[in-house]
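Each chain, written out:
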Amino acid sequence: HNTWCCLAFYPGLDDPELLYGNLFATSKGLSEQGLGFKNNEANAGNLYHKTLLKYQDVLLAIAKGLNHRKPVYLLGEVFGPVQDLTYGLVNPEFRVFDIYVGEPGQGRFYNYDELVAESEISGFELVPVAYYGPYSKEAELSVRDGKTLFDAVDQIREGVVIKPVKERTHPTLGRVQLKSVSPDYLLRKGKKGKEVTEFQ
């Protein structure tokens, strides 16, 4: 969990203040308000917009595969020198965990096998998989804690996201997707030795 990022293709916008007239990036906070970052000088150094510039060809390739007829949302995490856990990176990187196609609230998320296939076709990297198999509490706890899954990095694991390989909804939860956060992450020490928690 560094920062949630959404890269979007929306057909037919033709807005001169967006990249290619119909590509934009958004953060969790802006997305909840239906807003995105403009392609202008003020946003030139913006982390989300810079990520869009790096992944614009990937996004356009996915949109092309759908004949540019439907909105496409590439959802992922920007991580590295974004918070106190840097994963040994000098520059931020982006990993995808979801693709959503269609109008918000009317489209669908890709199933896991579709997401993997699209990553191989379009050339983007996915978040690492800690476990693939039947769910159990024991399986969850066996992969939630410990070191990060990124090679050669001596850093704690932040936790895991649990979701089915075939997308489904639950009457109470909505989309079936849960986060199990490591206690080591919640109670970690920041760069200056101060305790950092998710509850501050």
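An account of the accompanying structure is given in this report. (Residues numbered from 1 in each chain as written. Predicted model: local features only at pLDDT ≥ 70, side-chain atom pairs only at ≥ 80, totals over all residues. Heavy atoms only, no water.)

1. Examining the pairing of strand β2 (residues 23-27)
Part 1 of the reasoning: With five of its five residues buried, β2 lies for the most part within the structure.
Part 2 of the reasoning: Because side chains alternate across β2, one face comprises the buried residues Leu-23, Ala-25 and Ser-27, and the other comprises Phe-24 and Thr-26, equally buried.
Part 3 of the reasoning: Relative to β2, strand β1 (residues 3-9) is paired through five bridges, and the arrangement is antiparallel. Counted as the bridge partner of Phe-9 is Leu-23 from β2. (Buried < 20%, exposed > 50% of the residue type's maximum accessible area, 1.4 Å probe, protein only. Helix = DSSP H or I, 4+ residues; strand = E, 2+ residues; numbered from the N terminus. Pairing = 2+ DSSP bridges.)

2. Thoughts on the pattern of salt bridges
Part 1 of the reasoning: Scanning all chains against the criterion turns up nine salt bridges.
Part 2 of the reasoning: Between Glu-93 and Arg-95 there is a salt bridge, with its nearest N and O atoms 2.9 Å apart.
Part 3 of the reasoning: For Lys-137, the salt bridge is made with Glu-140, and the minimal N-O distance between the two is 3.4 Å. Of this pair, Lys-137 and Glu-140 both sit in helix α4 (residues 137-144), three residues apart, which is roughly one turn of the helix.
Part 4 of the reasoning: For Glu-140, a relative accessible area of 8% gives the class buried.
Part 5 of the reasoning: A single salt-bridge network, built from bridges that share partners, covers Asp-98, Lys-163, Glu-167 and Arg-175. (Salt bridge = Lys/Arg side-chain N within 4 Å of Asp/Glu carboxyl O.)

3. Remarks on the nonpolar core
Part 1 of the reasoning: Grouped together as the largest cluster of nonpolar side chains are 24 residues, with contacts concentrated most on Leu-7, Leu-59, Ile-62, Leu-74, Phe-94, Ile-99 and Phe-124.
Part 2 of the reasoning: Only β1, β2, α2 (47-65), β3 (72-79) and β4 (93-101) provide two or more residues apiece to this core.
Part 3 of the reasoning: When near neighbours in sequence (up to four residues on either side) are disregarded, Ile-99 contacts Ile-62, Val-72, Tyr-73, Leu-74, Arg-108, Phe-109, Tyr-110, Leu-115, Glu-118 and Phe-124.
Part 4 of the reasoning: Judged by nonpolar contacts, the second largest core, of nine residues, contains Ala-8, Leu-18, Leu-75 and Phe-97. (Core = buried A, V, L, I, M, F, W, Y, C linked by side-chain atoms within 4.5 Å. Contact = heavy atoms within 4.5 Å.)

4. Some details on the packing of aromatic side chains
Part 1 of the reasoning: What the rule picks out here adds up to eight aromatic pairs.
Part 2 of the reasoning: Their ring planes at 35 degrees and their centres at 5.1 Å tell us that Phe-79 and Phe-150 sit as a pair that is tilted. With Phe-79 in strand β3 and Phe-150 in the loop between α4 and β6 (159-162), this pair connects stretches of sequence that are 71 residues apart.
Part 3 of the reasoning: A relative accessible area of 6% means that Phe-79 is categorised as buried. (Phe/Tyr/Trp six-rings, centres within 6.5 Å; stacked < 30°, edge-to-face > 60°.)

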